[in-house]
Amino acid sequence: MRTEQPKVIYLKDYQAPDYLIDETNLTFELYEDHTLVHAQLVMRRNPERGEGLPPLVLDGQQLELLSLSMDDRELGAADYQLEDSHLTLQPQAASFTLDSTVRIHPETNTALEGLYKSGKMFCTQCEAEGFRKITYYLDRPDVMSKFTTTVSAEQHRYPVLLSNGNPVASGAEEGGRHWATWEDPFKKPAYLFALVAGDLWCVEDSFTTMTQREVALRIYVEPENIDKVQHAMDSLKKSMRWDEEVYGREYDLDIFMIVAVNDFNMGAMENKGLNIFNSSCVLAKAETATDAAHQRVEAVVAHEYFHNWSGNRVTCRDWFQLSLKEGFTVFRDAEFSADMNSRTVKRIEDVAFLRTNQFAEDAGPMAHPVRPDSFIEISNFYTLTVYEKGSEVVRMIHTLLGAEGFRKGTDLYFERHDGQAVTCDDFIKAMEDANGVDLAQFKRWYSQSGTPRLQVEDSYDAAAKTYSLTFRQSCPATPGQKDKQPFVIPVELGLLDAAGNDLPLRLAGEAKAQGGNRVLSVTGAEQTFTFVDIAERPLPSLLRGFSAPVKLAFPYDRDQLMFLMQHDSDGFNRWEAGQQLSVQVLQELIGQHQRGEKLVLDPRLITAFRTLLEDESLDQAMVAEMLSLPSEAYLTEISEVADVDAIHAAREFARQSIGEALFQPLLARFKANRALSRDTGYVAEAAHIARRTLQNIALSYLMQSGKSEVLEACLEQFNGCDNMTERLSALAVLVNSGFEQEKADALARFADYFKDDPLVMDQWFSVQAGCGLPGGLERVQALMAHPAFTLKNPNKVRALIGAFANQNLVNFHRADGAGYRFLADHVITLNALNPQIASRQLAPLTRWRKYDASRQQLMKAELERILASGELSSDVFEVVSKSLA
Ligand code: B3K
Ligand code: ZN
């Protein structure tokens, strides 16, 4: 826990380091009750920082300094100053070697940062500032060094000893111990350092690169998981090929390793040559992981692999530039997933996630630009804004420059900056220079926070045959930013004629039409575009593919939305029209509920859904997406003041009405798809994934009827299927039903069967935590006493507490505030155990401004209670204090 006051760090204060570390030679002696770390740092004065020898200030936290010497001269207490998080000493020459030995305690490290133990294995997590918990160092990404690492441990407990780079030597020691030395030929910042020691098994494969080099691929897991690795290995090979084909990027070491660990604060980490993964993002087989989990493994394996270029070879100068690697890499992994699966479905999923979660962040107290200009705790800035909005910003560059222009830009970026630590400006500069364009105004996406609104009006002049669209952009005030300058907003669009075809698009002043789909660049606060040769009033299809992360408003009526749902040539916008229709209908129901009126569902929604269900030519994955109503979280995000109970009642009523009105076509789809599942068994291909998704959505609507016929079908699926996708869906449907006995039986049997598989038990916790039936809080409280639950494992915290607070809105926001009290209690406990996880779990409380006065009071009171609860980590302190400001 910190004892120094939390300090705000500003981007404007950035200065290059005074000293550089050319070589880092580490030796770890791992024991059960402590670890010794010997570090030899070959250092020199940074020539860019001028003359003289300023004091050397090394970062270090929770380290017990045992010895320190400079150029072989032992230093005594009078030679240095030791504070909570720094060690300061005075170099005597421009080049010198510093040797230190510290004692650390990975065995009691519950924060899971630095070196720690996950179960029986040792592992590390150093990004962003975890390396300072391993040894005294210049722990900043612009200090890049060549690392050599020796690990020594008891042979029997830790037969596998890994670090970054290539293995160069190993041997046995006295007393049943052994050692291994690894050398990483690439200079890297300390945040990419990794070490693993454990009793691990590995699956090995190889990859031939584009220049015919053989790379050994190894995925290490605990022995019981060895049968769940093939999917990750396949994903890795696909990623390596894709990065060669799409970006011309080849892997650079002779070996690439992934290690799966159970206790991990996030999804995975791109350490050079030795990626460490949350086991939830590596392990997958049909019997234990859903289709969605398989896709997540594929995406995360790709993401971390892609970092080898976008992040490792070219890294960040400072942590304000985090989106330089994260936004770009999320964009790369999203395009990879789009190429491997359905492009439209991937886009729909990403946009739904962004609009629900990132837009909420952008409208809340922690709103910050894609490149933040200050922070207290950098761990709090691994956000949806830096990652997902950052990726949207890169996507817009791709849209504006086109695929070829974008590739020219990335080629120049990698060539110019290979081996360097750079900034978002350097990335943009490469794009500009490679394409001869000026992105000065575009760069506001990096510096201005908040989600822009784009209001669109149209007018048609029948006599002149012209059609005009007027765009007005604005951006709400966000913390620290009152007035915003106009953004560059790429608007991809088409104009539909009465038959639903795209009209040729010719702007006034242009010689000829440029296709039926094009991108307009909206750059002014208000801007009008006039299309000519338009024989009839068209219906616009705007922001196709969600070409910019904005809130677009155009006054469509419901019939127009139904028309777009059927005819838009852009698959994303067909879905979007359906979402807008659902939102209009649900908002009407919410109003009825608030006025105490009888709820009446607009029958047009039923008609639209019936059309989708009955058209067998449609892609089933798209049908499934289009049949999914906007989530309660999304309805909350778009409300001025969110009425939790009305939102829940309206959405449940709509689901019920759809289930009843479309019972027959839903049942027909369900039965046909379930029968196919029985015939073919589990197949991990797109068409089968689509079929299962639609089958499971149909089942959940059908269960609304409460008919015993559906219960039987659900139990048949639960008991008779051969995969987790069908089994978990059936379980979720039962859990949300009123069939108490069957529900209890199914939950008990599932837990009994899967009790030894922590990842499956996470699903079991989540399904129950998300159940919106009354009594949700009590159910979650009871589950916290389950033997499989522990606050020390982040996956468990997310599966139970996180799922409850983020997905079970009606129970979490109980009017008496008990849900808030529950969350705050656990944040206080977690603050001492694992500050990063504590601070993440806080997010739902920070959104208090969205709710009615009584809930606002209750939520604020809990934030205040956390603030007063004692010594807070900088992580929790920053989020709580900014939320209350
Ligand atoms: N770069 C890591 C995130 C590290 C988070 C540190 N608190 C994973 C990723 O984005 O690939
Ligand atoms: Zn990343």
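Note that the structure is a prediction, hence the values are computed from the model and not measured.

**Focus: the coordination of the zinc ion (ligand 2)**
Step number 1: Note on the zinc ion (ligand 2): its protein donors are H303 (NE2), H307 (NE2), E326 (OE) and E326 (OE). The metal-donor distances range over 1.9 to 2.8 Å.
Step number 2: Considering all 6 donor atoms around the zinc ion (ligand 2), angles at the metal cover 51 to 162 degrees and the coordination shape is irregular.
Step number 3: Judged by relative accessible area, which is 8%, H303 ranks as buried.

**Observations regarding the environment of T478**
Step number 1: Mapping T478 onto the fold places it in the loop between β26 (466–474) and β27 (489–496).
Step number 2: Distance from T478 to F122, taken between C-alpha atoms, is 42 Å for residues 356 residues apart in sequence.
Step number 3: When near neighbours in sequence (up to four residues on either side) are disregarded, T478 contacts D362, A367, S449, G450 and K484.
Step number 4: One polar contact links T478 to S449, side chain to side chain, over a distance of 2.6 Å.

**Observations concerning the pairing of strand β14 (residues 166–172)**
Step number 1: Relative to strand β15 (residues 177–183), β14 runs antiparallel, the two sharing 6 bridges. Considered in β15, the bridge of P167 is made with W182.
Step number 2: Linking β14 to β15, which pair antiparallel, is a turn of 4 residues; within it G175 sits at a positive phi near 70 degrees.

**What about the side chain of H688?**
Step number 1: Positionally, H688 belongs in helix α15 (residues 686–703).
Step number 2: With residues near it in sequence (within four places) discarded, H688 still touches T680 and V683.

**Details of the domain arrangement of the protein chain**
Step number 1: As far as domains go, the protein chain holds domain 1 (10–290), domain 2 (315–447), domain 3 (453–554) and domain 4 (755–885).
Step number 2: If you average the C-alpha positions of domain 1 and of domain 4, the two centres end up 32 Å apart.
Step number 3: Contacts between domain 1 and domain 4 engage 15 residues on the former and 14 residues on the latter.
Step number 4: The junction of domain 1 with domain 4 conceals about 1,100 Å² of combined surface from both sides, 42% of it contributed by carbon and sulfur atoms.

**Concerning the packing of helix α21 (residues 794–807) against helix α23 (residues 818–833)**
Step number 1: The geometry of α21 relative to α23 is characterised by a closest axis approach of 10 Å and an angle of 145 degrees between their N-to-C directions. The interaxial crossing formed by α21 with α23 has left-handed handedness. Listed contacts from α23 to V797, I801, F804 and A805 of α21 are G819, F822, L823, H826 and L830.
Step number 2: Class assignment for the residues of the contact of α21 with α23 results in 7 nonpolar, 2 polar and no charged.

**Focus: the UniProt feature "domain: Aminopeptidase N-like N-terminal" (unreviewed entry) in the protein chain**
Step number 1: In the UniProt entry, the feature "domain: Aminopeptidase N-like N-terminal" (unreviewed entry) is given for residues 83–192.
Step number 2: Each end of residues 83–192 is marked by a C-alpha atom, and these two atoms are 25 Å apart; helix forms 0% of the span and strand 46%.

**Concerning the side chain of R669**
Step number 1: Structurally, R669 is set in helix α14 (residues 663–680).
Step number 2: Although R669 is buried, it forms no salt bridge, and the closest oppositely charged side chain is E616 at an N-O distance of 4.9 Å.
Step number 3: Among the polar contacts made by the side chain of R669, one reaches the main-chain carbonyl oxygen of L613 at a distance of 3.3 Å.
Step number 4: Excluding residues within four positions of it along the chain, R669 makes contact with L612, L613, D615, E616, Q620 and L694.

**A look at the pattern of salt bridges**
Step number 1: Under the counting rule described, the total for this entry stands at 74 salt bridges.
Step number 2: Here E127 ties to K325 by a salt bridge, and the two come within 2.7 Å at their closest N and O atoms. In this pair, E127 sits in the loop between β11 (121–125) and β12 (146–154) while K325 sits in helix α3 (residues 322–340), placing the two residues 198 residues apart along the sequence.
Step number 3: The exposure class assigned to K325 is buried, which follows from its relative accessible area of 1%.
Step number 4: Notably, a salt bridge pairs R140 with D142, separated by 2.7 Å at the nearest N-O pair.
Step number 5: Accessibility expressed as a relative area gives 27% for R140, which makes it partly exposed.
Step number 6: Take D142: its relative accessible area is 13%, and that puts it in the buried class.

**Observations regarding the nonpolar core**
Step number 1: Core analysis: the largest hydrophobic core is formed by 277 residues, its most contacted members being F471, F531, L731 and L845.
Step number 2: Apart from the residues within four sequence positions on either side, F471 is in contact with L454, Q455, V456, V491, L493, L520, V522, A525, E526, Q527 and F529.

**Remarks on the sheet that holds strand β29 (residues 526–531)**
Step number 1: An order of β29-β26-β25-β31 is seen for the 4 strands of this open sheet, with the pairing classed as mixed. Each edge of the open sheet carries a strand with a single partner, namely β29 and β31 (551–553). Direction aside, neighbouring strands of the sheet carry axes that sit 20 degrees apart on average.
Step number 2: The sheet contact formed by strand β25 (residues 453–461) and β26 spans 9 bridges and is antiparallel. Counted as the bridge partner of S459 is S468 from β26.

**Some remarks on the pairing of strand β9 (residues 95–104)**
Step number 1: Examined bridge by bridge, strand β3 (residues 35–45) and β9 share 10 bridges and lie antiparallel to one another. The partner of T35 across the bridge, within β9, is I104.
Step number 2: Bridge analysis of strand β5 (residues 64–70) against β9 gives 6 bridges, and the strand direction is antiparallel. Bridge pairing in β9 links S69 to D99.

**A few points about the packing of aromatic side chains**
The geometry of an aromatic ring pair is captured by two quantities: the separation of the ring centres and the angle between the planes.
Step number 1: Per the counting criterion, the structure on display carries 41 aromatic pairs.
Step number 2: Consider the rings of Y137 and F147, whose centres lie 6.1 Å apart with planes at 40 degrees: the pair is tilted. Residue Y137 is located in the loop between β11 and β12, and its partner F147 is located in strand β12; the two are separated by 10 residues in the primary sequence. As far as burial versus exposure is concerned, Y137 and F147 are alike and both buried.
Step number 3: Centroid distance F804 to F822: 5.7 Å. Interplanar angle 90 degrees. Geometry classified as edge-to-face. You can see F804 sitting in helix α21 and its partner F822 sitting in helix α23, a full 18 residues away along the chain. Pair check on accessibility: F804 and F822 agree, each one buried.
Step number 4: Stacked on the ring of Y14, the Lys or Arg R317 has its end atom at 3.7 Å from the ring centre.
Step number 5: Directly above the ring of F328 sits R332, whose terminal nitrogen or CZ lies 5.4 Å from the centroid.

**Brief notes about the UniProt feature "domain: Peptidase M1 alanyl aminopeptidase C-terminal" (unreviewed entry) in the protein chain**
Step number 1: Sequence positions flagged by UniProt for "domain: Peptidase M1 alanyl aminopeptidase C-terminal" (unreviewed entry) are, in local numbering, residues 559–885.
Step number 2: In residues 559–885, the share of helix is 75% and the share of strand is 0%. The end C-alpha atoms are 45 Å apart.

**Topic: helix α11 (residues 620–627)**
Step number 1: The element α11 is extensively covered by neighbouring structure, given that 7 of its 8 residues are classed as buried.
Step number 2: Check the buried side of α11 and you find it contacts α4 (343–362), α8 (558–567), α9 (571–594), α10 (603–614) and α15.
Step number 3: Of the residues flanking the start of α11, the one acting as N-cap is D619, its side-chain oxygen 3.0 Å from the backbone nitrogen of A621.

Rules of the game
- Residues numbered from 1 in each chain as written.
- Chains lettered and ligands numbered in written order.
- Predicted model: local features only at pLDDT ≥ 70, side-chain atom pairs only at ≥ 80, totals over all residues.
- Heavy atoms only, no water.
- Donors = N, O, S within 2.8 Å, 3.2 Å for Na, K, Ca; no water.
- Tetrahedral: all angles 85-135°; square planar, octahedral: opposite > 155°, others 65-115°.
- Buried < 20%, exposed > 50% of the residue type's maximum accessible area, 1.4 Å probe, protein only.
- Helix = DSSP H or I, 4+ residues; strand = E, 2+ residues; numbered from the N terminus.
- Contact = heavy atoms within 4.5 Å.
- Polar contact = N/O pair within 3.5 Å; in protein donor to acceptor, adjacent residues only side chain to side chain.
- Pairing = 2+ DSSP bridges.
- Domains from an automatic or database assignment.
- Buried area = accessible area lost by both parts, 1.4 Å probe.
- Axes fitted to C-alpha atoms, helices over the stretch in contact; angles between N-to-C directions.
- Left-handed = near helix turned anticlockwise from the far one by under 90°.
- Nonpolar A, V, L, I, M, F, W, Y, C, P; charged D, E, K, R; others polar.
- UniProt positions renumbered as here; feature names shortened; annotations may be inferred.
- Lys, Arg positive; Asp, Glu negative; His and termini not counted.
- Salt bridge = Lys/Arg side-chain N within 4 Å of Asp/Glu carboxyl O.
- Core = buried A, V, L, I, M, F, W, Y, C linked by side-chain atoms within 4.5 Å.
- Phe/Tyr/Trp six-rings, centres within 6.5 Å; stacked < 30°, edge-to-face > 60°.
- Lys NZ or Arg CZ within 6 Å of the ring centre and 35° of its normal.

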